[in-house]
Amino acid sequence: MTTNNRRPKPANNNRPQQARPSNYEFLPYAGTGTEVVDDLAPGVAPSWRLLEIAKWHDGKHAGRNRTIAARLRAVAAEQDDERVAA
């Protein structure tokens with residue numbers, strides 16, 4: 001009979017632990033995709049900043065980003081109209 005002189009391998013404790021059970025199911029997304037601008041009102045930010053953010057969103061090609069950019073431009077226009085009327 002031979003003896004095994006090898007050392008046992010140490011346990012790998014650096015392995016990431018599973019964050020969720022394997023049978024976890026994600027709920028379907030029920031939002032509009034534009035929650036970031038849905039409650040945006042005139043006077044929250046300067047018009048120039050809203051237009052710069054809209055320009056950034058235009059650089060993206062998803063429909064959601066175009067919708068956000070359009071909403072930002074609309075709020076900037078409302079702000080400008082209020083300023084002219086005052």
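Along each chain, numbering runs from 1 in the same order as the chain's sequence is written. With the structure being a predicted model, the display of local features is reserved for residues of pLDDT at least 70 and the display and counting of side-chain atom pairs for 80 or more, all residues being used for whole-chain, interface and lining totals. Only hydrogens and water are set aside when side-chain values are computed; all heavy atoms of the structure are taken into account.

Caption draft 1: Seen up close, the overall build of the protein. By the criteria applied, helices consist of DSSP H or I runs no shorter than four residues and strands consist of E runs no shorter than two, each listed in order from the N terminus. Looking only at helices and strands, one finds three helices and zero strands in the protein. The N-to-C order of helical and strand elements in the protein reads α-α-α. Relative accessibility under 20% of the residue-type maximum defines a buried residue, over 50% an exposed one, and the middle range a partly exposed one, all with a 1.4 Å probe and only protein chains included. Here the protein holds 86 residues, and 19% of them are scored as buried. Whether two residues are in contact is decided by their heavy atoms: any pair within 4.5 Å suffices. Within the protein, contacts between residues at least 6 apart in sequence are counted, and of these 63% link residues at least 24 apart.

Caption draft 2: Structural context of the nonpolar core. By convention a nonpolar core is built from buried Ala, Val, Leu, Ile, Met, Phe, Trp, Tyr and Cys residues, the set being connected through side-chain atoms within 4.5 Å. Grouped together as the largest cluster of nonpolar side chains are 10 residues: Val37, Leu40, Ala45, Leu50, Ala54, Ile68, Ala69, Leu72, Val75 and Ala76. Broken down by secondary-structure element, the contributors of at least two residues to this core are helix H2 (47-58) and helix H3 (63-85). For this core, the element with the most residues is H3, which contributes five residues. Ignoring any residue separated from it by four or fewer positions in sequence, one finds valine 37 in contact with Ile68, Arg71 and Leu72.

Caption draft 3: Structural detail: the pattern of salt bridges. Salt bridges are defined by distance alone: a side-chain nitrogen of Lys or Arg within 4 Å of a carboxyl oxygen of Asp or Glu. Summed over all chains, the structure comprises three salt bridges. Between arginine 73 and aspartate 58 there is a salt bridge; the shortest N-O distance is 2.3 Å. Placement of arginine 73 in helix H3 and of aspartate 58 in helix H2 is noted, with a sequence separation of 15 residues between them. For aspartate 58, a relative accessible area of 34% translates into the label partly exposed. Its salt-bridge partner being glutamate 78, residue arginine 71 comes within 3.9 Å of it at the nearest N-O pair. We classify arginine 71 as partly exposed; its relative accessible area is 27%. With relative accessibility at 34%, the residue glutamate 78 sits in the partly exposed group.

Caption draft 4: Quick look at the packing of H2 against H3. Orientation of H2 relative to H3, taken along the N-to-C sense of each, is 160°, at an axis distance of 8 Å. One way to sum up the angle between H2 and H3 is to call them roughly antiparallel. Seen from above, H2 lies across H3 with left-handed handedness. Across the interface between the two elements, Ser47, Leu50, Leu51, Ile53, Ala54, Lys55, His57 and Asp58 from H2 touch Asn65, Ile68, Ala69, Leu72, Arg73, Val75, Ala76, Gln79, Asp80 and Arg83 from H3. Amino acids outside the nonpolar list (Ala, Val, Leu, Ile, Met, Phe, Trp, Tyr, Cys, Pro) and the charged list (Asp, Glu, Lys, Arg) are all regarded as polar, and Gly is one of them. Here the residues of the contact of H2 with H3 sort into nine nonpolar, four polar and five charged. The axes used here are C-alpha line fits, helices contributing only the stretch in contact, and every angle between their N-to-C directions lies in the interval 0 to 180 degrees. Small angles under 35 degrees read as roughly parallel and large ones over 145 as roughly antiparallel, with 65 to 115 read as roughly perpendicular and the rest as oblique. Note on convention: the crossing is left-handed when the near helix lies turned anticlockwise from the far helix by less than a right angle, right-handed when the turn is clockwise.

Caption draft 5: Representation of the side chain of threonine 34 in the model. Inspection of the secondary structure assignment puts threonine 34 in the segment before helix H1 (35-38). Taking relative accessible area as the criterion, threonine 34 reaches 11% and is therefore assigned buried. Distance and chemistry together define a polar contact, namely a pair of N or O atoms within 3.5 Å, with one atom able to donate a hydrogen and the other to accept it when in protein, and with adjacent residues in sequence counting only for side-chain atoms on both sides. Side-chain polar atoms of threonine 34 contact the side chain of threonine 32, separated by 3.1 Å. Filtering out sequence-adjacent residues up to four positions away, threonine 34 remains in contact with Arg64, Thr67 and Ile68.

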